[in-house]
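Survey of secondary and tertiary structure
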Amino acid sequence: YYFRRNDERFWPWAAAALQMSDGDPSPVFRLCWSMTQDEARIRSILPARMDVRDAYLEYLLYTGHTEAAVPVAEEAAARTEKSDLPTVLDYCNRLIDQDPASVLKVWNILCRRKLLPFEALKPETGLLVTNGDFSVPFLQQGFDWRLPRIDGVEIRPADPADGLSITVSGSEPEDC
């Protein structure tokens, strides 16, 4: 009712709906974005529940509101637990080419909190490569190595002093 009338009383009801949300909250997010383009206003009604905040981050990514996703992702990285990591890593994967500086900030928060088994990257000091010694299995997300899957080729970390081990079976493509 308040939404259709463009009435400010919409916001407390939207906040209440998100607070009690037990399913997909994206319809409420859609109404909020139809009511205003002020991302800070929308973020101000989000409950502290990580499931709703993760859903909001996913909503922003899937609807193309990537600029609005930056502060949400940074907050999520600071608050997330291991079980909620996929949403934040999805943010990193989706925006790494578009906004590498904000992705680096989120990635480093995750590394500093030990949610990722890597040292935080510090481009200003020359620390530019994640997992440069291949000592950790490849996450293949964010700033970690991404190795293609090729039939007949196995790539895995070897002894840390040896780097990578690449095994070809003879059935690999000619050009790989």
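Here, the structure is the one placed above.
The present account deals with the structure reproduced in this document. (Residues numbered from 1 in each chain as written. Predicted model: local features only at pLDDT ≥ 70, side-chain atom pairs only at ≥ 80, totals over all residues. Heavy atoms only, no water.)

1. Observations regarding the overall build of the protein
- A tally of helices and strands in the protein yields seven helices and two strands.
- For the protein, the α and β elements follow one another from N to C terminus as α-α-α-α-α-α-α-β-β.
- In terms of principal-axis extent, the alpha carbons of the protein reach across some 65 × 40 × 25 Å.
- A fraction of 45% describes how many contacts in the protein between residues 6 or more apart in sequence connect residues 24 or more apart.
- Summed over all atoms, the accessible surface of the protein reaches about 10,300 Å², with 52% contributed by carbon and sulfur.
- Distance between charge centres in the protein, computed from 19 positive and 28 negative side chains, equals 10 Å. (Helix = DSSP H or I, 4+ residues; strand = E, 2+ residues; numbered from the N terminus. Contact = heavy atoms within 4.5 Å. Areas by Shrake-Rupley, 256 points an atom, 1.4 Å probe, with all protein chains shown as cover. Lys, Arg positive; Asp, Glu negative; His and termini not counted. Charge placed at Lys NZ, Arg CZ, Asp CG, Glu CD.)

2. Some remarks on unusual backbone geometry
- Residues other than glycine seldom take positive phi values, yet lysine 114 does so here, at roughly 65°.
- By the element assignment, lysine 114 lies in the loop between helix H7 (100–112) and strand E1 (153–157).
- Despite not being glycine, glutamine 140 has its phi angle at roughly 60°, a positive value.
- Look at glutamine 140 and you get partly exposed, because its relative accessible area is 29%. (Buried < 20%, exposed > 50% of the residue type's maximum accessible area, 1.4 Å probe, protein only.)

3. Description of the packing of helix H2 (residues 26–35) against helix H4 (residues 50–62)
- Axis separation between H2 and H4 bottoms out at 10 Å; the angle between their running directions is 60°. Taken together, the axis directions place H2 and H4 in an arrangement best described as oblique. Read as a crossing pair, H2 and H4 show a hand that is right-handed. Listed contacts from H4 to Ser26, Phe29, Arg30 and Trp33 of H2 are Val52, Ala55, Tyr56, Tyr59 and Leu60.
- In terms of residue class, the contact of H2 with H4 is built from seven nonpolar, one polar and one charged. (Axes fitted to C-alpha atoms, helices over the stretch in contact; angles between N-to-C directions. Parallel < 35°, antiparallel > 145°, perpendicular 65-115°, else oblique. Left-handed = near helix turned anticlockwise from the far one by under 90°. Nonpolar A, V, L, I, M, F, W, Y, C, P; charged D, E, K, R; others polar.)

4. Let's talk about helix H6 (residues 85–95)
- Of the residues making up H6, those classed as buried are Leu85, Thr87, Val88, Leu89, Tyr91, Cys92 and Leu95.
- In the core, the buried residues of H6 are packed alongside H4, helix H5 (66–79) and H7.

5. Re the nonpolar core
- Formed by 47 residues in total, the largest nonpolar core has its most connected members in Tyr56, Tyr91 and Leu110.
- Going through the elements one at a time, helix H1 (10–19), H2, H4, H5, H6 and H7 are the ones with two or more residues in this core.
- With eight residues, H4 is the largest single contributor of residues to this core.
- Once residues lying within four places of it in the same chain are set aside, the contact partners of leucine 110 are Ala77, Thr80, Leu85, Val88, Leu89, Leu115 and Leu116. (Core = buried A, V, L, I, M, F, W, Y, C linked by side-chain atoms within 4.5 Å.)

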